[in-house]
Amino acid sequence: MPELSESQARAIMADFHDDPQRLIAILLDIQEASGANRVEKKSALLVSETLGVPLTRIYEILTFYSMFSLAPRGKYLVEACESAPCHFDGGETTLSHLADILGVSPGETTADGLFTLEKSACFGACGHGGAFKIGDEAYRGGSRNQIASVIRSYRENSPRLREGLAWLY
Amino acid sequence: MALLVSMVLEGAGETDPLSIKDYESLGGFAALRAAFALEPQAIIREITGAKLLGRGGAAYPAGKKWEQLLNIEGSPKYIVCNADEGEPGTFKDRRIMEAVPLRLLEGMIIAGLTFNSPRGFIYVRGEYRRLQRRLAEAIQILRDAGYLGERILGSPFSFEITTISGAGAYVCGENSALLNSAEGLAGRPRIKPPHLAEVGLFLKPTLVNNVESFANIPLVLTMGGEKFLQAGHPQSGGSKLVCLSGHVRAPGVYEVPLGGATLRDIIFSPQLGDGIRDGRELGFFHLGGQSGPLGGPADLDVPYAYYPLRERGLAVGSGAVVALDASVSPVEYLQKVAEFFSRESCGKCVPCREGNKILAKYLQKLQIPGAWTPEDERRLSDLMVAMRRASFCGLGQSATTALASAQKLFPGRFAGASAPAASEA
Ligand SMILES: Cc1cc2nc3c(=O)[nH]c(=O)nc-3n(C[C@H](O)[C@H](O)[C@H](O)COP(=O)(O)O)c2cc1C
Ligand code: SF4
């Protein structure tokens, strides 16, 4: 399981001048740098100490906002939109293709630790046949093959492979 | 009147979003330059005359909001842009930030100048992380060109803009929850009054407007309030970005003059939605996000503008138009809506936190043949009143809007047992 080093975490906080008002941004960056898409207890303690924010408040933030996770997740978060505009426009098909291609159910991580599949609320990519997101990027829904090639481009770490595929933002 | 206009989105897709030169060639920053020669009251007079209604959903007159803030003592005053865009079916602020970010920033700088504010913040939903980086880039470009930072364009006015990221919470679109989140707290709404104009970000007087509202400000000043009003509907000037999704052939963001297009135009015109896919019929449509009302084929000829829609029990809201074909069960649809609200309720107050969960269960029960009783009917109606009246913020208060409109639109379907089978036809 990848872990964030103390110096990395300190550098992230320094980017925000150790400012408690930037707590959410700091935790987002710590989560991103963690390699496992989560905020470990160790990091939460360090942030609490450095910023002078009570640990309970750190955990309030980590549990209030849906983008945070305490449990380790895959390097890439794969999110299928389940809000109404996508749900009735192919969202269920997109989700079942994703589950099938990745071989996991929503909430699970692939054995290689690369992908975690999740259902998500609307992320502003409506009107595209059940959109899904991988990390920061959103894609339109499509056939199983189309979706599989998007996934493959991440697996093989080849942005070139997904050129022109179904990228929305 | 043309069905489509190019006002807020002028230059979108045709110009480099990060090129000041491109933006200036379309008249960009002329409004800001003009604003330096105007008194704050004169700027606000144009906005009031333009009848620019807030584009974030609540349709509060921007002129009135600005005037209230102007009349409040206290400094500094902060300028906050609501780019949380969490209403399902809404993606127009994303379009503005992607394609014409400089227009949004110009609007914010004009606001800063009007209130002699030192700082503005753009609160962008966490899911738009790539956009946050782009906005930060646009801000840096303006800083380098002297449009932001110290002594803007050689004047005594200095102004900075910073982006702030959300982290996944629909309720943070509510403006007081947004400010809490911007301060690094959990995004639960604040009690009002005091209004945010008096006690806002860091307890200072604060202006909160939506992305599209800010992006309209330069247009209001270059066109003048009167012409801006004429470009729209007599009670609400300008254009509206419509986010069309669902089962239309051509989903996307379209800019229509307010009052210049009907819902029929939006869903069926070949220039816009181009009708329902796969040769199916329109069943119903959902306006303004999950917190908005449903409408049906009989409502199609209502002009798309704030007041005509309101008179029909409909709403512009965020600009979302989700058109569903006749195969979609309204009860099933409403259950998805209830699930959304119960997922996104912040949990601060009981009517919303518990109410939305119970609502989702009732909607499930409605789908079980023969399960619905008159007692359920009574309880559901009490629950809806309690949620609407006793919820702490707009989320809980409007969570039943869609259901209430659907009960009128499909009288039989939501009263299973008391009006059996026949209603399903
Ligand atoms: C639950 C809830 C969610 C909201 N979400 C948004 C949003 O995502 N974006 C937005 O601009 N306004 C949203 N609003 C409306 C804002 O509270 C506020 O009215 C708006 O930002 C004011 O700007 P405007 O007058 O320019 O529209 C939301 C309101 C509620 C109650
Ligand atoms: S209505 Fe109450 S529980 Fe619901 S989001 Fe608003 S404050 Fe939170």
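What you are looking at is a predicted structure, and each value in this text was computed from that prediction instead of being measured. All chains use their own residue numbering, which begins from 1 and follows the written sequence. Whichever chain is written first is A, and whichever ligand is written first is 1; the rest continue in order. Only residues with pLDDT of at least 70 are given local features in this predicted model, and only at 80 or more are side-chain atom pairs given and counted; all residues enter the totals for whole chains, interfaces and linings. Side-chain numbers here rest on the full set of heavy atoms in the structure, without hydrogens or water.

### Some words on the side chain of His247 of chain B
Test applied: Helix and strand definitions follow DSSP, with helices as H or I runs of at least four residues and strands as E runs of at least two, each counted in order from the N terminus. Contacts are assigned to residue pairs that have any heavy atoms within 4.5 Å of one another.
Relative to the elements of secondary structure, His247 of chain B occurs in the loop between β5 (239–246) and β6 (252–257). Leave out the neighbours within four places in its chain, and His247 of chain B touches Phe88 and Asp89 of chain A together with Gly275, Ile276, Arg277, Ala323, Leu324, Asp325 and Val328 of chain B.

### Observations concerning the layout of surface pockets
This is how the line gets drawn: Cavity: a set of points on a 1 Å grid over the protein atoms alone where a 1.4 Å probe fits but cannot get out. Pocket: an open set with protein on both sides within 12 Å along at least five of seven lines, its lining residues, like those of a cavity, having an atom within 4 Å of a point. Grid points are joined across faces, edges and corners, and a volume is the space filled by probe spheres set on the points. Residue polarity follows a fixed list, in which Ala, Val, Leu, Ile, Met, Phe, Trp, Tyr, Cys and Pro are nonpolar, Asp, Glu, Lys and Arg are charged, and the others, Gly among them, are polar.
Its boundaries defined by the atoms lining it, the second largest pocket holds a volume of some 870 Å³. In terms of lining, the second largest pocket is formed by 40 residues, of which the most central are Asn37, Met67, Leu77, Gly135 and Asp136 of chain A. Within the residue set of the lining of the second largest pocket, elements represented by two or more residues are α2 (23–33), β1 (76–81), β2 (115–120) and β3 (132–134) of chain A together with α13 (330–344) of chain B. Across the lining of the second largest pocket, the residue classes tally to 15 nonpolar, 10 polar and 15 charged.

### Re the site of ligand 2
As a reminder of what qualifies: Only heavy atoms are used to decide nearness, and a residue is near a molecule or strand if one of them lies within 4 Å of it.
Ligand 2 sits among 13 residues. The nearest are Cys346, Cys349, Cys352, Cys393 and Gly396 of chain B. Taken together, the residues that form the shell around ligand 2 break down as eight nonpolar, four polar and one charged.

### Digging into the pairing of β6 of chain B
Successive residues of a regular strand alternate their side chains across the two faces of the sheet. Residues and elements named next belong to chain B. The following threshold applies: With a 1.4 Å probe rolled over the protein chains alone, any residue whose accessible area is under 20% of its type maximum counts as buried; one over 50% counts as exposed, and the rest are partly exposed. A pair of strands is considered paired only if DSSP assigns at least 2 bridges between the two.
Of all six residues that make up β6, six are buried, and the element is covered over most of its length. Burial of the side chains of β6 extends over both faces: Gly252, Tyr254 and Val256 are buried on one face and Val253, Glu255 and Pro257 on the other. Sheet topology note: the β5/β6 ladder contains six bridges and is antiparallel. Bridge pairing in β6 links Val242 to Tyr254. In this structure, the hairpin formed by β5 and β6 is closed by a connection of five residues.

### Section: the packing of aromatic side chains
Note the cut-off: In this scheme Phe, Tyr and Trp rings, the latter by its six-membered ring, pair at centre separations within 6.5 Å, and the angle between planes marks the pair as stacked below 30 degrees, edge-to-face above 60, and tilted otherwise. A ring has a charge above it when a Lys NZ or an Arg CZ is no more than 6 Å from the ring centre and no more than 35 degrees off the ring normal.
This model, assessed by the stated rule, comprises 21 aromatic pairs over all chains. With centroids separated by 5.8 Å and ring planes inclined at 80 degrees, the aromatic side chains of Tyr362 of chain B and Trp372 of chain B adopt a geometry described as edge-to-face. Of the two residues, Tyr362 of chain B sits in helix α14 (residues 350–365) while Trp372 of chain B sits in the loop between α14 and α15 (374–390), which places them 10 residues apart along the sequence. Like Tyr362 of chain B, the residue Trp372 of chain B is buried in the burial classification. Three or more aromatic residues link up through ring pairs in this structure, and these residues are Tyr76, Phe115, Phe132, Tyr139 and Tyr154 of chain A. Lying across the ring of Tyr128 of chain B, Arg125 of chain B places its NZ or CZ 5.5 Å from the centre. Geometry around Tyr307 of chain B places Arg310 of chain B over its ring, the cationic atom sitting 4.8 Å from the centre.

### Observations concerning the packing of α14 of chain B against α15 of chain B
All names here are of chain B. Note the threshold: To obtain each axis, a line is fitted to C-alpha atoms, and for helices this fit is confined to the stretch in contact; angles are then taken between N-to-C directions over 0 to 180 degrees. Each angle is binned into one of four classes, with values under 35 degrees roughly parallel, values over 145 roughly antiparallel, values of 65 to 115 roughly perpendicular, and all other values oblique. The sense of a crossing depends on the near helix, which, turned anticlockwise from the far helix by less than a right angle, makes the crossing left-handed and, turned clockwise, makes it right-handed.
Packing of α14 against α15 brings their axes to within 10 Å, and their N-to-C directions diverge by 150 degrees. Classed by the angle they form, the pair α14 and α15 counts as roughly antiparallel. Crossing hand, α14 versus α15: left-handed. Contact residues: α14 offers Pro351, Gly355, Asn356, Ile358, Leu359, Tyr362 and Lys365, while α15 offers Asp376, Arg379, Leu380, Leu383, Met384, Ala386, Met387 and Ala390.

### Details of the pattern of salt bridges
Threshold: By convention in these notes, a salt bridge is any Lys or Arg side-chain nitrogen within 4 Å of a carboxyl oxygen on Asp or Glu.
The tally for this structure, following the rule as stated, stands at 33 salt bridges over all chains. Between Glu354 of chain B and Lys357 of chain B there is a salt bridge; the shortest N-O distance is 3.8 Å. Of this pair, Glu354 of chain B and Lys357 of chain B both sit in helix α14, three residues apart, which is roughly one turn of that helix. By relative accessible area, which is 30% here, Glu354 of chain B ends up partly exposed. Taken together, the shared-partner salt bridges connect Glu82 of chain A together with Lys336, Glu339, Arg343 and Glu344 of chain B into one network.

### Some remarks on the sheet that holds strand β1 (residues 78–83) of chain B
Residues and elements named next belong to chain B. Taken in spatial order, the four strands of this open sheet run β3-β2-β1-β4, and their pairing is parallel. Every interior strand has two partners, whereas the edge strands, β3 (160–165) and β4 (206–210), have only one. The average undirected angle you get between the axes of adjacent strands in this sheet is 20 degrees. As paired strands, strand β2 (residues 119–124) and β3 are joined by six bridges and run parallel to one another.

### Digging into the nonpolar core
Applied cut-off: To define a nonpolar core, start from buried Ala, Val, Leu, Ile, Met, Phe, Trp, Tyr and Cys residues and group those joined through side-chain atoms within 4.5 Å.
Ranked by internal contacts, the top residues of the largest apolar core, which has 78 residues, are Phe68 of chain A together with Tyr333 of chain B. Ignoring sequence-local partners within four residues, the contact set of Phe68 of chain A consists of Ile24, Leu27, Leu28, Gln31, Val39, Ile61, Leu62 and Arg73 of chain A together with Ala167 of chain B.

### Describing helix α1 (residues 6–15) of chain A
Residues and elements named next belong to chain A. Note the cut-off: Taking the helix axis as origin, the arc is that swept by the directions to the C-beta atoms.
Considered for burial, the residues of α1 that qualify are Ala9, Ile12 and Met13. End-on, the buried residues of α1 take up no more than an arc of 95 degrees, which puts them together on one face. In this structure, α1 carries Ser7 and Asp15 as exposed residues pointing more than 90 degrees from its buried face.

### Quick notes on the site of ligand 1
All names here are of chain B. For clarity, the cut-off: In the analysis that follows, any N or O atom pair within 3.5 Å is treated as a polar contact, provided that within protein one partner can donate a hydrogen and the other can accept it, and provided that, for residues neighboring in sequence, both atoms belong to side chains.
Taken together, 19 residues sit near ligand 1, with Gly56, Asn82, Asn209, Asn210 and Ser213 positioned nearest. The separation between an oxygen atom of ligand 1 and a polar side-chain atom of Lys65 is 3.2 Å. Listing elements by their share of the shell around ligand 1, those giving two or more residues are β4 and α16 (394–398). Element by element, the count of residues in the shell around ligand 1 is highest for β4, at three residues. Along the lines of polarity and charge, the residues of the shell around ligand 1 split into four nonpolar, 10 polar and five charged.

### Quick look at the domain arrangement of chain B
All names here are of chain B. Selection criterion: What marks off one domain from the next here is an automatic or database domain assignment. Here the buried area means the combined drop in accessible surface, using a 1.4 Å probe, for two parts upon being joined, counting both sides.
Looking at the assigned domains, one finds that chain B contains domain 1 (20–230), domain 2 (239–325) and domain 3 (330–414). The distance between the C-alpha centroids of domain 2 and domain 3 comes to 23 Å. Each side of the interface is counted separately: domain 2 has 12 residues, and domain 3 has 13 residues. Summed over both partners, the interface of domain 2 with domain 3 comes to about 960 Å²; 72% of that surface belongs to carbon and sulfur atoms. When the area that domain 2 buries against domain 3 is broken down by residue, the three leading residues are Phe284, Gln290 and Leu294, summing to 57%.

### Topic: α13 of chain B
As a reminder of what qualifies: Expected helix span is computed as 1.5 Å times (number of residues minus one).
Over its 15 residues, α13 of chain B runs 21 Å from end to end, which matches the ideal 21 Å to within 8%, given 1.5 Å per residue. Those residues of α13 of chain B lying buried are Pro330, Val331, Tyr333, Leu334, Gln335, Lys336, Val337, Ala338, Phe340, Phe341 and Glu344 of chain B.

### Looking at the interface of chain B and chain A
Quoted interface sizes are often the accessible area lost when the parts come together. In this assembly, 49 residues from chain B lie in contact with 37 residues from chain A. Both faces considered, chain B and chain A share a buried interface measuring about 3500 Å² in area, 54% of it formed by carbon and sulfur atoms. On the surface where chain B and chain A come into contact, there are eight salt bridges. In this structure, Arg129 of chain B engages Glu32 of chain A in a salt bridge whose closest nitrogen and oxygen atoms are separated by 3.0 Å. Here chain B is connected to chain A by 20 residue pairs in polar contact (both at pLDDT 80 or more). Only α5 (92–99), α7 (129–144), β3, α8 (175–182), β5, β9 (320–325) and α13 of chain B provide two or more residues apiece to the side of chain B that touches chain A. Considering each element in turn, the side of chain B that touches chain A owes the most residues, six residues, to α13 of chain B.

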